[in-house]
Amino acid sequence: MSEVVRISREGEVAIVEIDNPPVNATSQAVRRALLDAVQRAQSESETRAIVIAGAGRTFTAGGDISEFGKPPREPHLPDVINRIEESGKPIVVAWHGTALGGGCEIGLGAHKRIITKDGLIGLPEVKLGLLPGAGGTQRLPRLIGPVAALDLIATGRMVGAEEALRIGLVDAIAETDLRREAVALARSLIGQMQPRLSLQATPAAEPEAWQAMVDRVNREAKGRIAPLRAIELVSQSLTLAFGVAQANERRAFFELMSSDQSLALRHIFSAERETGKRPELSSARPRDISHIGIIGAGTMGSGIAVAFLDAGFRVTLVEADESALQAGVERVSGLYQRSIRSGRMDDATRVARLALLNPTTEMAKLAETGLVIEAVFEDMAIKLELMKQLGRLLPASTLVASNTSYLDLEQMADALPGPERFLGLHFFSPAHVMKLVEVVRARRTSPEAVATGLAIARKLKKIAVVTGVCEGFIGNRILAKFRAQCEFMLEEGALPREIDIAMEGFGLAMGPFAVQDLAGLDIAYARRKRLAATRTPDERDVPLVDRLVEEGRLGQKAGRGWYLYDNGKRSADPAVDAIIRMHAAGSGRPQRNFNAADIQNRIVAAMVNEGAKILGEGIAARAFEIDLVLVHGYGFPAWRGGPMHYADRVGLKNILSIAKTAAMRDGKGFEVAPLLEDLAQSQRRFADLDAN
Ligand code: 3H9
């Protein structure tokens, strides 16, 4: 017997334990060994019941992702699970940690399920652009009903033990000792007929509830195909024989496996795990920091404070005076109150988190912390003064980070004695929610400081991407090019809603003009003013934002921006259309109609172009890091894999053909020559990466 599965014995109960670190994925070796173990236990006369359990931190994370896309090798998981279900001897599954995908499906093949109090179960295949492929779409509806099953399969969300018991996904929650209680449960089933889900009918759904769930899944799919296939397959559990529907499920699983969407989502999954692994930092030891300081308790500072408090850090929060400090503390409390109101947190947790917060107006208190993050107003003079002050106040070893989005970190490093301890930690707003952090490595930042930034981001459960210093780092630099194309298109005949609809059709949660209205047009206005001094005369500039802001169109908060807002409802504003049309006519640029593909390709080409430059300059080391930034910080659809993956997959030629046509019409408007050159360079880099 292979060592990835072990058998031990408690009297007449055989315990079959999967042991395939790190997450007990059901690789071919595990499937083979599990099948052998179950068959052996069935043939042994001394065994009268079987428990299937997992060793280590988790039951199993499901199908082995490293095998995906390769020819499947026997025994296949659906067959192994069918054998488990057919066992004449009762089989109990003992779930702990996470029982995901194939791990959940093994449990559905077993005759009873027991879980630890903190265990989590789910069918997250949809997050990889897939569906359960080992009977999950057929057995789960039979067990918990089609409505609840579709909810879990189409969202991929995990459920905890309490909910699992409530919806009938588990039979028991272990009180103290999972293994002992699973053995007792198995023993209690000896001699009984064992229920087989595949032989049962799916309970009929209440039509309105089913329709409501189908509508929700359709609405939330937003271009993703796997959730729609989930509707189809769960429906089949009501109408087709198990064997027929299971064969359809298997076919759908492999179709999805070779889809662009699944490739893109698997690319993001592996990118998320690779981003923190940086060979150049392998000998750098991250500092062990448990107490941090934050200067500035505005929206960013208070969000960052909550992110750290949630991860168990002590936080010293500094403001310039008592009233600003009070407002900051109220902001932090307000965020917790919101979590309580939405049922995501209980009061005891809120109290425990706030007990870790030390609000103060005394900068000297920062000397007790291991890392100080400044989140003060985006003004270089203020930041430089602050760096000098920190240089006097802090021990020379304390790390210092800036949360600036745009300002030059090298200048700040110059102002801080010991610039090797200085880095950027660029959080995204709201900082306690958004998963992305750009860890900015300035020229003199030490490997130890970067490694500490990455380790801290991991503790915050965030996705960290290392970037070099440039205007806007990776994300905002690409965003600026994205926005510029949007404005160029306004000047050439497009309207904001056409661009928003096209980009929402591409998969963005919100179009760029609606987003700008939400954030406030004054932000773009201030940035334009800041950059005005360095703008060269041949740089194409569309001053429409200035015009809108000067008319008081600041966005949603003013009830008008690119759109009109009435009680939060957005509508096109004919006055804005008129401003745009008049500006466009006066610009002398040829006017044209844009269709959705023109708009999407032009924007994506601009993003890819800038991404290629970012790679070429070494601001990002690996193309997938650019993808992570755009997906986790800017709403680029994960199922398209980020701009670099998208360009690679969809074919640059497709995107370029439209970008080129636009450029021919536009002369200088679109940088096609550097685009082609950069893309060639980035493709060489892709090739290098592949070779490594
Ligand atoms: C499926 O089951 C299809 C079925 O229907 C069957 C059809 C026939 N395979 O995330 P972490 C690795 S589809 C292989 O950092 P955490 C991961 O790459 C599958 N490897 O830890 C990493 O490797 P490394 C459905 C896997 O504690 C290491 O484990 N299941 C797999 O933060 C640690 O991972 C899913 O979609 C895997 N399935 O989170 C679950 N999973 O150390 C996907 C992880 O070299 N997994 N690895 O970087 C997860 O959601 C999280 O990894 C998990 C642990 C919650 C399990």
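Rules behind the numbers
Residues numbered from 1 in each chain as written. Predicted model: local features only at pLDDT ≥ 70, side-chain atom pairs only at ≥ 80, totals over all residues. Heavy atoms only, no water. Helix = DSSP H or I, 4+ residues; strand = E, 2+ residues; numbered from the N terminus. Buried < 20%, exposed > 50% of the residue type's maximum accessible area, 1.4 Å probe, protein only. Contact = heavy atoms within 4.5 Å. Phe/Tyr/Trp six-rings, centres within 6.5 Å; stacked < 30°, edge-to-face > 60°. Lys NZ or Arg CZ within 6 Å of the ring centre and 35° of its normal. Pairing = 2+ DSSP bridges. Axes fitted to C-alpha atoms, helices over the stretch in contact; angles between N-to-C directions. 1 Å grid on protein atoms, 1.4 Å probe; cavity = no way out; pocket = protein on both sides within 12 Å on 5 of 7 lines; lining within 4 Å. Points joined across faces, edges and corners; volume = space filled by probe spheres on them. Nonpolar A, V, L, I, M, F, W, Y, C, P; charged D, E, K, R; others polar. Domains from an automatic or database assignment. Buried area = accessible area lost by both parts, 1.4 Å probe. Polar contact = N/O pair within 3.5 Å; in protein donor to acceptor, adjacent residues only side chain to side chain. Salt bridge = Lys/Arg side-chain N within 4 Å of Asp/Glu carboxyl O.

Participant: When you look at the environment of H267 in this model, what are you seeing that I'm missing?
Facilitator: Along the chain, H267 falls in helix 11 (residues 260-274). Residue classification places H267 among the buried positions, given a relative accessible area of 18%. Through-space distance from the C-alpha of H267 to that of V351 is 40 Å; in sequence the pair is 84 residues apart. If we skip the residues at most four places from it in the chain, H267 touches F624, D627, G641 and H645.

Participant: Please explain the packing of aromatic side chains as it appears in this structure.
Facilitator: The geometry of an aromatic ring pair is captured by the separation of the ring centres together with the interplanar angle, meaning the angle of the planes. One pass over the full model with this rule turns up 8 aromatic pairs. Note on F253 and F254: the rings are 5.4 Å apart at their centroids and 80° apart in plane angle, and the pair reads as edge-to-face. For F253, a relative accessible area of 11% corresponds to the buried category. By relative accessible area, F254 is classed as partly exposed at 32%. Here the aromatic cluster, defined as three or more aromatic residues joined through ring pairs, consists of F68, F253 and F254. In this structure, R540 is placed above the aromatic ring of F488, and the distance from its NZ or CZ to the ring centre is 4.1 Å. Against the face of F506 rests R640, its NZ or CZ located 4.1 Å from the ring centre.

Participant: Please explain the sheet that holds strand 5 (residues 98-100) as it appears in this structure.
Facilitator: Backbone hydrogen bonds are what pair the strands of a sheet, in a parallel or an antiparallel way. Taken in spatial order, the 3 strands make up an open sheet running 5-7-8, and their pairing is mixed. In the strand order of this sheet, the two ends are held by strand 5 and strand 8 (159-160), each with one partner. Relative to strand 8, strand 7 (residues 120-122) runs antiparallel, the two being bridged by 2 bridges. Among the inter-strand pairings, L120 is bridged to a residue of strand 8, identified as G160. Seen against the sheet, helix 3 (residues 102-109) touches strand 5 and strand 7 and runs at an angle of roughly 85° to strand 5.

Participant: Would you mind going over empty space enclosed by the protein with me for this structure?
Facilitator: The tally for this structure, following the rule as stated, stands at 2 cavities of 30 Å³ or more. Taken as a whole, the second largest cavity encloses approximately 30 Å³ of empty space. If you trace the second largest cavity, you find it lined by V126, G129, R224, I225, A226, P227, Q261 and L265. Where the lining of the second largest cavity is concerned, the elements lending two or more residues are helix 9 (226-239) and helix 11. Across the lining of the second largest cavity, the residue classes tally to 5 nonpolar, 2 polar and 1 charged.

Participant: Can you walk me through the domain arrangement of the protein chain in this structure?
Facilitator: How big an interface is tends to be reported as the loss of accessible area on association of its parts. For the protein chain, the assigned domains read domain 1 (5-258), domain 2 (289-469) and domain 3 (476-691). The interface is formed by 16 residues belonging to domain 2 together with 11 residues belonging to domain 3. Of the roughly 1200 Å² buried between domain 2 and domain 3, counting both surfaces, carbon and sulfur atoms make up 62%. Among the residues domain 2 hides against domain 3, the three largest losses belong to Y406, L436 and V465. Together they make up 41% of the total. The tally of links between domain 2 and domain 3 comes to 1 residue pair in polar contact (both at pLDDT 80 or more). Those elements that place two or more of their residues in the side of domain 2 that touches domain 3 are strand 16 (436-440) and strand 17 (463-467). The dominant element in the side of domain 2 that touches domain 3, judged by the number of residues it contributes, is strand 17, at 4 residues. For the side of domain 2 that touches domain 3, the per-class residue count stands at 9 nonpolar, 4 polar and 3 charged.

Participant: Whenever I open this one, the pattern of salt bridges confuses me. Can you help?
Facilitator: Between side chains of opposite charge, a pair can form as their charged atoms come close. Taken as a whole, this structure holds 56 salt bridges when the rule is applied. Two residues, R273 and E272, come together in a salt bridge whose shortest N-O distance is 3.3 Å. Judged by its relative accessible area of 44%, R273 is partly exposed. Residue E272 is classed as partly exposed on the basis of its relative accessible area of 24%. Notably, a salt bridge pairs K529 with D546, separated by 3.8 Å at the nearest N-O pair.

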